[in-house]
Each structure stands twice: as structure tokens, then as C-alpha cells.
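# Breakdown of the fold
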Amino acid sequence: MTDTRTGSQPAQAVLDDEHEARRAFDAVHRDPAAAASVLRRLVDDPNTSPRARMYALWGLGRVLHDAGDVAATSSLFESAINASRLAGGYPEEPHIRLSWATSLQTAGEHTAALAQLDLAEPAVDESLLGRVLTQRGSIHMLLGDSELAIAQYDAAVVLLRTAGDRLGETRLLCNRGIALTRLGRTAAAKADLELARRLSEEDGQHLLVATALHNLGFLEMRLGRWPQALAQLAQARERYHKLGSPGRFLAALDADECELLLLAGFPAEARDVAEAVLADANSSGDVLQLAESHLLLARALNLLGEMDEAATTAATAAELFRRTGRTAWSALAEYVGAMSDAESDGGSALGRLDRAAATLEGLGWAGEAAEVRVRMARIALHNGQRDLARDVLAATAASRRHGSARLRAEAWHATALLQTIDGGRTAARRAIDAGLRVVDRHRATLGASDLRVRASADGVELAALGVRLALEGGKAADVFVAAERWRAGALAERAAPLVGDDPADHDLAELRRLERELREVDVGAGADAAAEFDAAHKELLRLEHRITAITRLAPGDPRALGSRFDVRRLRAELGDSTLVEFVDVDGRLYATVVTRSRTRLVALAPREQVLGLVGHLAFEIRRLSAFPPGHDRAAAAIASYRRTAGELDSLIVGPLRLGAGPVIVVPTGPLHSLPWSALPGLQRAAGLTIAPSAAWWMSGTSDRPAGDGVLLVHGPDLPHAAAELDAIATVLDGVTELAGQAATAGAVLAAMTTAGLVHIAAHGSFRADNPMFSSLRLADGPLYVYDLQRLASSPHTVVLTACNAGRSGVYGGDELLGTGVALLSLGVRSVIAPLLPVRDESTAPFAVDIHRALVDGLTPAEALARATATALAGDDPGRLAAAASFQCLGRQVPAGAVRRPPREA
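An account of the accompanying structure is given in this report.

Basis of the calculations
- Residues numbered from 1 in each chain as written.
- Predicted model: local features only at pLDDT ≥ 70, side-chain atom pairs only at ≥ 80, totals over all residues.
- Heavy atoms only, no water.
- Buried < 20%, exposed > 50% of the residue type's maximum accessible area, 1.4 Å probe, protein only.
- Helix = DSSP H or I, 4+ residues; strand = E, 2+ residues; numbered from the N terminus.
- Pairing = 2+ DSSP bridges.
- Phe/Tyr/Trp six-rings, centres within 6.5 Å; stacked < 30°, edge-to-face > 60°.
- Lys NZ or Arg CZ within 6 Å of the ring centre and 35° of its normal.
- Expected span 1.5 Å × (residues − 1).
- Salt bridge = Lys/Arg side-chain N within 4 Å of Asp/Glu carboxyl O.

### Focus on the pairing of strand β8 (residues 755-761)
- Counting buried residues along β8, 7 of its 7 residues qualify, which places the element largely inside the surrounding structure.
- Alignment of strand β6 (residues 709-714) against β8, held across 6 bridges, turns out to be parallel. Within β8, the position partnered with Leu712 by the bridge is His759.
- Direction of pairing for β8 relative to strand β12 (residues 797-800): parallel, over a ladder of 4 bridges. Its bridge partner being in β12, Ile760 is matched across the sheet by Leu800.

Structure representation (C-alpha cells):
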């Protein structure tokens with residue numbers, strides 16, 4: 001028996017072919033890898049029946065499209081239609097045209113895609129017409145017309161539900177959810193996406209489950225709920241990986257995560273992701289992805305200050321969007337390009353921004369248009385075009401109440417600027433406070449330290465304007481309160497410790513293993529060793545990325561909001577101490593000096609003059625530490641160091657007219673890297689404490705009480721550390737010591753939870769690229785900042801003799817990240833640590849002096865002051881360098897809060 005369409009193939013074989021092809025075709029979204037294997041075999045087999053070949057070509061085209069190989073899909077769909085026609089025609093042809101339209105759409109050929117839909121429509125019934133309308137809606141959405149897209153979706157969903165086409169309905173809901181999100185109709189968007197997720201779960205459509213999760217992540221991102229967005233995107237990524245990592249979907253997910261990184265203030269990370277997506281788009285031929293990745297890259301470059309490259313990249317994106325008819329995205333690219341050119345040509349930028357805003361408004365993109373208008377107002381104010389700024393702001397007044405936290409803060413900033421120009425200083429201050437409250441509330445929703453720190457950047461310009469207005473008013477107390485309003489606020493919003501069954505715990509342990517493995521690899525031992533090193537390093541980077549992603553999922557506490565600073569309370573609690581808070585306003589440094597009786601404002605030197613000496617002083621201290629006692633050049637090095645320290649002291653300490661009592665210094669910006677202990681005017685103080693902010697210094701209580709024990713830790717590869725700990729142990733009693741192989745990260749963390757005083761002698765590493773991976777090296781590898789954040793309770797005092805352990809990454813709003821700051825954020829009251837590299841043999845006697853002073857009942861700041869005085873009395877260059885490098889980071893120490901460590905009888 002033969003089949004009339006095959007000529008000679010047995011009918012059963014034809015049926016078997018068709019059955020196999022249809023099963024593989026239906027599995028394209030459930031198991032794309034397995035489906036592709038079957039479909040390829042059927043395409044390559046010359047004996048495959050025409051109908052089976054049609055399904056195989058059609059299904060393979062869908063697999064390749066989802067995988068991101070857009071260039072190969074059109075020929076497959078065309079061949080599928082030809083296979084159908086050669087065999088007399090099949091009713092599937094309109095469906096194939098729908099798939100072909102999707103592929104053309106991805107390639108940016110929207111006119112050709114609509115033409116395929118026009119060819120398909122006359123041959124379809126009502127159920128398939130629902131899919132045709134859905135596809136048209138998707139094209140209109142890509143072209144930026146979300147309202148027209150929704151109209152198509154609304155008409156289509158009725159047809160799909162009437163026909164019982166749940167798969168078509170699920171796809172429609174995923175797409176309509178995005179269109180509704182872009183128009184700000186977020187409640188309706190969430191309803192669509194949650195329904196899509198439920199339907200796809202029930203029907204076993206795993207790819208659509210991942211797509212729904214992905215789109216829910218996009219919605220959460222637009223709402224500013226970053227941890228929730230990251231959680232949804234992570235679930236979507238896991239689902240995509242289980243399906244064989246379909247390229248097109250993963251590329252879209254990467255692009256959305258890049259968008260989130262940009263919003264969250266991580267432009268360097270965003271640039272890396274954008275470049276990877278761009279490379280993928282170039283290889284796959286996905287024109288939509290190519291244009292969007294150029295735009296993402298331009299935005300990252302703009303935030304990184306690489307304006308020329310940002311403008312060029314934005315222009316490329318704009319041209320690609322124009323070529324494919326994507327007017328809204330072209331307007332966004334013009335906006336990014338205009339902002340990149342704004343510093344050199346503000347007038348031209350205004351015209352380009354106006355045109356971009358008008359385009360976006362015409363397409364219903366209200367949020368994006370408002371962002372452009374607010375930027376226009378800022379530039380117009382800068383150019384003195386007050387009337388234009390007023391008109392633009394009036395048109396975007398609602399943006400102060402709606403949209404992202406960044407947009408609302410920008411709108412309030414522009415409003416405050418306009419009020420200052422019009423003379424309404426009281427109204428300007430109210431606008432500044434309103435904008436800072438917006439950012440404050442958003443920051444409080446974030447649990448991860450790095451997210452909170454970066455979120456603070458959205459309030460920096462507002463806070464700077466407040467300080468500037470206060471400075472113009474001339475009242476020292478007003479300047480002080482304005483400076484405190486936005487300083488190190490992220491430290492006050494500590495999330496609950498990450499303990500228990502946390503997936504990052506295993507990753508941190510594995511990261512330590514890899515670090516240890518990398519140290520042991522001899523890269524020069526040949527190609528095998530180099531390959532081993534490269535593989536381990538690649539895995540290390542993957543784990544770092546995973547740990548960062550996991551910790552960013554932590555929720556914040558929306559109740560943890562800042563409040564107006566109470567100067568009178570500070571004065572009452574200062575006692576004999578003086579607090580000095582530095583402020584940088586338009587390149588000039590100022591200091592507010594607060595005592596229990598008054599607040600003074602002191603104008604200091606230009607910032608650049610001071611910073612030049614800060615760098616020189618650090619060099620002098622490093623040079624000192626290199627000389628052993630009695631070296632023939634040591635005396636000259638000591639004289640040069642003292643000369644530089646004295647010159648710097650005359651610029652920023654001498655004018656303050658400080659007394660001999662304790663001093664609390666609150667630095668700003670690059671002054672956080674200044675070794676304050678080296679300055680003569682501060683060496684005369686009874687104690688010197690460095691604090692992130694005055695408000696933080698006053699928060700001297702902890703909800704996690706410290707223990708009573710003393711813990712001494714000795715890390716590897718420090719020849720003098722054993723002697724250091726032995727000497728300290730002779731001063732103290734009741735000591736627990738972890739050294740050698742016993743000093744593992746787990747053991748140290750466990751012991752720290754019951755200790756009141758901890759001393760760690762270990763190599764330290766500061767990671768400028770990601771301070772959360774700054775570390776102390778222990779027997780089994782590094783103890784990271786991420787590890788320290790898992791402490792359930794903390795000691796009251798920690799002494800670190802590791803190089804750079806007192807160093808922090810400094811971000812907008814004087815937010816800090818680093819090892820010492822991480823300990824402070826956990827409730828540790830005082831951290832004594834060096835800001836610069838120090839020699840082990842010089843550190844040991846200096847550390848012993850600190851502990852002797854603590855045993856005598858001195859506070860950590862007083863103990864450091866006494867040890868410093870002892871070092872200054874001698875001429876040992878190494879001990880002088882140690883005295884200059886160490887500083888006490890801390891908060892107020894209430895009477896009796898630090899129990900005297902027991903001295904051995």
C-alpha cells in the first residue's frame with residue numbers, strides 16, 4: 001500500500017514519520033534540545049514524508065529562533081511552506097507564516113513580518129485569527145505603540161478563549177503584561193502575568209513558565225522593587241537553563257538584568273553584561289537585541305563618565321532603531337546621546353531632549369517622557385533659562401509623585417533648583433527634604449549592603465544642594481544638619497544577619513577552596529598548569545557573581561528610615577569630646593566643629609590642594625615602613641614624613657583650634673583615605689575616633705550583646721604574628737587562640753560570637769572593584785565581608801593588624817563598604833585597624849601597647865592614642881609608620897560598655 005503524496009513509502013511509515021515529527025514539534029517549548037535532535041534527523045532523512053518534513057522544518061525553525069540563531073530561520077520556514085505546497089497544501093501553512101513573522105520581527109524586519117500576517121489572515125479561522133492579532137500586537141509593541149498593541153491583544157484574547165486555545169492565550173498574556181507595564185498599568189500587568197504563569201504551569205509549558213517569571217521580574221524592576229525583581233529573574237534563569245539555555249530568551253533576560261544593574265547604580269557590571277549581549281547579538285543576527293544592547297551599553301558608559309564613547313554608541317543604537325521603525329527606542333537613544341553631549345553643547349542637547357520627550361509622550365510612554373523632561377529642566381536651569389525650566393517642570397509635576405525613586409528624586413531636585421532661583425529658599429528646602437525622603441524610603445526596602453549603598457547615590461545631588469543653601473545662610477548648625485541629612489545612611493539600615501540555610505554559605509566555602517587552589521598553582525609550570533589556573537579562575541568569577549546575586553535578594557526593612565538630626569542631643573553626649581565633620585562644597589573644604597557648648601563653621605583649603613598632600617603623605621608612610629631601625633636613610637625619611645604631615649595638618653586641623661580632649665572626625669569623600677593618626681594636631685588629642693557620620697557615632701548601643709571572652713587569631717604566612725599573639729597573651733587572661741590549621745573561617749566566625757575582644761593578625765586584601773569581597777586570609781582561605789555579615793552576635797572591640805583592613809570603598813553620600821565598616825554595621829563599637837600596609841615586625845609591639853592600654857581601662861580610641869604616643873617618643877621608622885596607619889573606627893562608647901580585659905596575675 002502506498003501513499004499518494006509520497007509515491008512509494010508505506011502508509012504506516014508515513015504515519016510513523018508524521019507522528020514522530022508532531023511529537024517533536026509539540027516538545028519545542030518543553031524540551032527544545034531533545035526536540036531539535038529528532039527534527040534535525042527528520043530534515044536530513046531523504047525518505048521523510050512531506051507532511052513530517054513540513055513539521056520538522058517548521059519546528060526546527062522555531063528551535064533555532066528561540067536559541068537566537070535568527071539568520072537561519074527564514075529559509076527553514078520558507079522550506080516548510082514549500083514542502084506543504086509540493087504535497088498539495090496543508091492547513092498548517094498560516095501557522096508557519098505566524099512563526100515566520102515572529103522570526104522576521106526578531107530580525108527587525110517589521111514590514112515583512114506584517115506582510116506574512118496579511119498573507120496568513122485570509123486562510124485562518126477565528127481561533128487562529130486570535131494568534132494573528134496577538135502577533136500584530138507584539139509587532140506594534142516592539143514599534144513602541146503599546147496602546148495599539150493592547151487593542152490587538154484585547155480583541156485576540158476573546159477569540160482565543162472562545163476557541164479554547166490556552167497556549168495562545170498564555171503567550172498573549174505574557175506579551176500584554178509587558179505592554180501594560182510600559183504604560184504604567186501595573187496592577188493589570190501583574191494580573192495578566194500571574195495568570196500566564198498559572199496556565200503554563202498547569203499545561204506543562206515550561207518555556208512559558210520561565211517567560212512569565214521573566215516578565216514578572218521586569219514588572220518588579222519597573223516598580224523599583226529590586227530584590228523581588230532579582231528573585232523573579234533568577235527563577236526564570238534557572239528555568240531557562242533547565243530547558244537547555246534557549247539563547248534568545250537568555251539574551252533578553254541578560255538585557256533586563258543589565259537594565260536593573262543600571263537602575264541600581266552598578267554601571268561597571270552593567271557594561272560587562274551589555275558587551276556580552278552585544279557580542280551575542282552580532283553572532284546571532286538578532287537585530288532587536290543588537291540595537292537594545294547598544295542602548296544599554298551607551299547608558300552604562302554615560303554613567304561611567306565615558307561621554308564620547310557613550311554618545312557614539314547611543315548614535316549607533318538610534319540608527320538601528322530608526323532602521324527598524326522602533327521610534328520610541330530611537331527617542332530613548334537620542335536622549336542618552338544628548339545627555340552624553342550635554343556638558344559640551346547644552347543648547348543642542350535641549351532641542352534633542354525636547355524632540356525625544358515629544359515622541360515618547362505621543363506613544364504613551366509617560367514615565368520615560370517625564371524623565372527626559374526633568375533632565376531638560378536641569379539643563380535649562382544650568383543655562384539660566386528659567387522660564388523654559390518652569391514650563392517643563394509644570395508639565396511633569398506628577399513625576400514628583402509617581403515613577404521610580406530616581407525619577408521622583410530628580411523631579412524634586414529640579415523643583416528645588418527652580419525655587420532657589422526664584423528666591424524661595426524655604427520652599428527649596430522642603431523640596432530637598434521631600435526628594436531625600438523618596439530615596440530614603442526606597443533604600444530602606446533593600447537588604448543587601450551594596451544595593452543600599454548604591455541607592456544612596458540618587459540623593460547625593462539633592463543633599464549637596466541642601467548643604468550649599470545652608471552654607472549661603474551662614475549658620476554653622478544648619479550646615480552641620482544639612483551635611484548629616486545624607487551621610488552614611490545605609491549603615492543605619494542593617495538587614496538581619498544571613499544565617500541558617502543560606503545558599504551562599506556553600507558558595508563562600510567553595511570560593512575559599514578555589515582561592516587556596518589558585519595560590520598553589522604554579523602558572524609557569526607549563527600549559528597544563530596555566531589551563532588549570534584559568535579554569536579555577538573562571539569558576540571563581542562565576543561563584544563571586546552567584547554570591548553577589550544571592551545576597552542581593554535579601555529584603556530590607558521599610559521602617560528603617562532616617563530622621564532629622566538632633567544637634568542638642570549630640571552636644572549633650574559629647575562631654576569633653578569635639579566632633580569635626582568635614583564638608584566638600586564646590587571644590588572647597590569646610591569643617592563644622594561641634595562641642596557641648598557651640599557649633600562653629602570653619603572654611604578650609606581647596607580640595608585639590610589637600611588631596612595632593614594626602615597622596616604624598618600615604619607615600620611617605622609606606623616609605624617609612626620599609627626602613628628597619630638604624631637605617632642610614634631612616635632619619636631623612638622620618639623628617640620628610642613629619643614635614644608632609646605638618647603641612648597637611650596646617651591646612652585642615654590647625655584652623656579648627658581643637659583642645660586636648662577626645663576628637664571624633666567624620667571625613668568626606670577622598671578624605672576617608674587620609675591617615676588621620678599621622679596629623680600632629682590630632683596626635684595631641686586624648687583619643688581619636690573616625691566615624692562615618694555623627695548620627696552613626698551616637699548610636700552606641702547594640703541589639704546583639706557582646707560576649708566576655710578574648711579571641712586571638714593568627715593567619716598564615718605571617719612570620720611575626722605568632723610572637724605578636726604570644727606577647728598579647730601575656731597581657732591578657734582567659735584567651736582563646738586560633739592559629740595554624742585551626743584558624744579556619746568557620747572556627748573564627750563561631751568564636752567571634754562569644755568574644756568581647758577579638759584580635760586578628762592576618763594578611764588583608766581590599767577589593768576596590770567589589771569591597772564586599774575584601775578579606776582576611778585564614779588557614780582555609782579568605783574570610784570575606786560577606787562572611788562577617790553572617791555573624792549572629794558580635795564583639796564590642798576588634799583589632800585587625802592586617803594591611804588595609806581599615807580601608808573602605810567610598811560611594812555617593814559618603815557611604816562606605818569594607819572589612820572594618822562591615823564589622824561596625826554588625827554592632828561592633830570599635831575597630832582598630834591600619835589604613836595602609838604595615839610591617840609585621842613593627843605592628844607586633846604596637847599592638848601589644850594597644851592591649852596594655854585596654855587592660856588599664858582605656859577606651860579603644862584612648863588606647864590607640866597612648867600606643868601612638870609611645871611610638872612617637874622613639875625613632876623606629878616602622879613603629880612610626882604603624883602609629884600613622886592605624887586608626888580607630890567607631891561609635892560612642894557608653895560608660896561601662898567596654899569591659900576591661902582581664903590581666904594575667
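So, next bit.
### Describing unusual backbone geometry
- Its identity is not glycine, yet Asp586 carries a phi of approximately 55°, on the positive side.
- The exposure class assigned to Asp586 is exposed, which follows from its relative accessible area of 61%.
- Although it is not a glycine, Arg657 sits at a positive phi angle of roughly 55°.
- Mapping Arg657 onto the fold places it in the loop between α30 (634-652) and β4 (663-666).
- Taking the relative accessible area as the measure of exposure, Arg657 reaches 60% and is therefore exposed.

### Remarks on the packing of aromatic side chains
- In total, this model carries 9 aromatic pairs according to the counting rule given.
- Ring geometry for Phe773 and Tyr784: centres 5.7 Å apart, planes at 85°, overall edge-to-face. With Phe773 in the loop between β9 (764-765) and β10 (775-778) and Tyr784 in strand β11 (residues 781-784), the pair connects residues that are 11 residues apart, well separated along the chain. Residue Phe773 shares its accessibility class with Tyr784, and that shared class is buried.
- Taking 5.3 Å as the distance between ring centres and 45° as the angle between the ring planes, the aromatic pair formed by Phe846 and Phe886 counts as tilted. In this pair, Phe846 is assigned in helix α37 (residues 840-855) and Phe886 in strand β16 (residues 886-890), connecting sequence segments 40 residues apart.
- Across the ring face of Trp329, the terminal group of Arg326 is positioned such that the distance to the ring centre comes to 4.1 Å.
- Seen from the ring of Trp486, Arg443 lies directly overhead, with NZ or CZ sitting 4.4 Å from the centre.

### As for α30
- The end-to-end C-alpha separation of α30 is 27 Å, in line with the 27 Å expected for 19 residues at 1.5 Å each.
- If you check which residues of α30 are buried, you get Ala634, Ala637, Ile638, Ser640, Tyr641, Thr644, Ala645, Leu648, Asp649, Leu651 and Ile652.

### Here we look at the sheet that holds β11
- An order of β9-β10-β11 is seen for the 3 strands of this open sheet, with the pairing classed as antiparallel. Here the strands that pair on one side only, and so sit at the sheet edges, are β9 and β11.

### Remarks on the pattern of salt bridges
- Counted according to the given criterion, the structure contains 67 salt bridges.
- A salt bridge links Asp433 to Arg485; the shortest N-O distance between them is 3.3 Å. Taken as a pair, Asp433 in helix α22 (residues 425-444) and Arg485 in the loop between α25 (476-484) and α26 (503-520) lie far apart in primary sequence, 52 residues in all.
- The partly exposed category is assigned to Asp433, whose relative accessible area is 30%.
- Taken together, the shared-partner salt bridges connect Glu319, Arg322, Glu334, Asp341 and Arg352 into one network.

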